[in-house]
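Chain and residue survey
Residue-level listing of the chains:
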Amino acid sequence: MAPAQKMGCPVRILLLFLISAASLPAANYYLTIAGLGGDPQYDMEFPKEAANLSQELHKNGPNARVFTLTGEDARRSHIQAAFKKLSARITPQDSFALMLIGHGTFDSAGYKFNLPGPDITAHELAVLLDRIPARRQLVVNMTSCSGASIRDLARKDRIVITATRSGNEKNATVFARYWIDALHDPAADTNKNGTVSALEAFRYVQKKVAAYFNSEKLLATEHALLSDTGSSKGARDPGQGNGQGLLAAVFPVLHPPVESAQALNPAKQSLVAKKQKLEAAIDRLKFQKAALPEAVYRKRISALLLDLARTQAEIDQ
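Residues numbered from 1 in each chain as written. Predicted model: local features only at pLDDT ≥ 70, side-chain atom pairs only at ≥ 80, totals over all residues. Heavy atoms only, no water.

**Digging into the overall build of the protein**
Counting its regular elements, the protein contains nine helices and 11 strands. Here the protein holds 317 residues, and 50% of them are scored as buried. When the accessible area of the protein is evaluated, it comes to approximately 14,400 Å², of which 54% is carbon and sulfur surface. (Helix = DSSP H or I, 4+ residues; strand = E, 2+ residues; numbered from the N terminus. Buried < 20%, exposed > 50% of the residue type's maximum accessible area, 1.4 Å probe, protein only. Areas by Shrake-Rupley, 256 points an atom, 1.4 Å probe, with all protein chains shown as cover.)

Structure below.
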């Protein structure tokens, strides 16, 4: 493998996310797999999308570990080997994201990701993911029929995003192109904190996919879902009402470093960690806005924003 290079229990899980995110030495691992094309158009398109995605992920800086499997390298045995190597390397403090580009199928036996040679099932992928020590995990399944994979992939400390809402949405998806766009389009960073979270990217893609089908005057054949509570029923609109999206809001898919961690003195490292915690707290508060009285929300958000501004000023000195 060559580098291209859910309050209760959910609150406890969220705290683990935030504590881990504040640990500068932690690494961020990304594994992108482009599956079988099946015809010349997709044989060219899927590897290109995987390469473009890897290019964007590299912007996360020196702590990003980006790996890509395409073509013959994306066989099931190679995927299993890649997971074995990563399982030995990744620590609980690290994060891990698996991104699947290509075609999926669904029948009475369940979901399968189409590969050169034998396909790999959602259950098999879940077994591989369970062996990854990282507590913070994200799976983005951008394939057709991907909604059927949630029941196997969902776990209480794992974010799962799928391009379709079920295994019956079988058309080739356009999800991947807009997921890539979310990592370089400033519009995706809705809170303008320099980071694109999994929730922000998900919402960006939803809007772009809907606009695409509207502009082409086509009936939409894909409806993305997100689950980050361990539920096998993903949400089209994650929020306070359904409890979905809280973990996704604090999982950074793209977080370009302003400065190399090695270049920061201990005081600056502490300030950067504080800034990251404040940004996560702001994201969490925005997520909870609908459940709070307006005056309470304004008071809390103002205090957090003021603290964030002061912290940024200290970093910039």
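**So, the pairing of strand β5 (residues 110-113)**
Pairing analysis gives four bridges linking strand β4 (residues 104-107) to β5, with the strands arranged antiparallel. In the strand pairing of β5, G104 is matched with F113. Linkage of β4 to β5, two consecutive antiparallel strands, is achieved through a turn of two residues. With two bridges connecting them, β5 and strand β6 (residues 120-121) associate as antiparallel partners. The partner of F113 across the bridge, within β6, is I120. Hairpin geometry of β5 and β6 is characterised by an intervening segment of six residues between the two adjacent antiparallel strands and by a positive phi of about 80° at G117. (Pairing = 2+ DSSP bridges.)

**What about the environment of D307?**
Here D307 shows up in helix α9 (residues 294-316). Sequence-wise, D307 and K274 are 33 residues apart; in three dimensions their C-alpha atoms are separated by 9.6 Å. Here D307 is in contact with K274 and L278, once residues within four sequence places are set aside. (Contact = heavy atoms within 4.5 Å.)

**Quick notes on the nonpolar core**
Core analysis: the largest hydrophobic core is formed by 44 residues, its most contacted members being M99, I161 and W179. With eight residues, the single largest contributor to this core is helix α7 (residues 198-215). When sequence neighbours within four positions are dropped, the list of residues in contact with I161 reads L138, V139, V140, N141, F175, W179, A198, F202, L225 and L226. Counting 34 residues, the second-largest nonpolar core is a separate cluster that includes I33, I79, A122 and A126. (Core = buried A, V, L, I, M, F, W, Y, C linked by side-chain atoms within 4.5 Å.)

**Let's talk about the confidence of the model for the protein**
Chain-level statistics for the protein give a pLDDT mean of 87 and a share of 88% at 70 or above. The low-confidence segment residues 1-9 (pLDDT under 50) makes 26 contacts with residues lying over four places distant or belonging to another chain. Considering only residues more than four positions removed or in separate chains, one finds that residues 259-263, a stretch of pLDDT under 50, has two contacts. (pLDDT = per-residue confidence, 0-100.)

**Considerations on the side chain of N28**
Structurally, N28 can be placed in strand β1 (residues 28-34). According to the relative accessible area criterion, N28 is buried, its value standing at 19%. Residues contacting N28, with those up to four places away along its chain left out, are N63, A64, R65, S95 and R136.

**Side note on the sheet that holds strand β2 (residues 64-69)**
Pairing within the open sheet is mixed, and its six strands lie in the order β2-β1-β3-β7-β8-β10. Each having just a single partner strand, β2 and β10 (225-227) make up the two edges of the open sheet. Mean inter-strand twist for the sheet, computed between neighbouring axes without regard to direction, equals 10°. Two elements, β1 and β2, share six bridges in a ladder whose sense is parallel. Among the inter-strand pairings, Y30 is bridged to a residue of β2, identified as V66. With respect to the sheet, α7 is in contact with β7 (136-141), β8 (158-162) and β10, its orientation differing from that of β10 by roughly 165°. (Axes fitted to C-alpha atoms, helices over the stretch in contact; angles between N-to-C directions.)

**Description of the pairing of β1**
β1 sits mainly inside the fold: seven of its seven residues count as buried. Burial along β1 is two-sided: the residues N28, Y30, T32 and A34 and Y29, L31 and I33 are all buried. Bridge analysis of β1 against strand β3 (residues 95-101) gives seven bridges, and the strand direction is parallel. Counted as the bridge partner of T32 is M99 from β3.

**Let's talk about the sheet that holds β5**
Here three strands make up an open sheet; going across it, the order is β4-β5-β6 and the pairing antiparallel. Sheet topology places β4 and β6 at the edges, where each strand pairs with a single neighbour.

**Remarks on helix α2 (residues 40-57)**
Spanning 18 residues, α2 covers 26 Å between terminal C-alpha atoms, matching the ideal 26 Å at 1.5 Å per step. All of the buried residues in α2 are Y42, F46, E49, A50, L53, S54, E56 and L57. Across the axial projection of α2, the buried residues extend over an arc of 160°, all falling on one side. α2 presents P40, M44, K48 and Q55 as exposed residues on the side facing more than 90 degrees away from its buried surface. Elements that come into contact with the buried residues of α2 comprise β1, β2, β3, α6 (175-182) and β11 (252-254). Between the side-chain oxygen of the N-cap and the backbone nitrogen of Q41 there are 3.1 Å, and the N-cap of α2 in question is D39. (Expected span 1.5 Å × (residues − 1). Arc of directions from axis to C-beta. Polar contact = N/O pair within 3.5 Å; in protein donor to acceptor, adjacent residues only side chain to side chain.)

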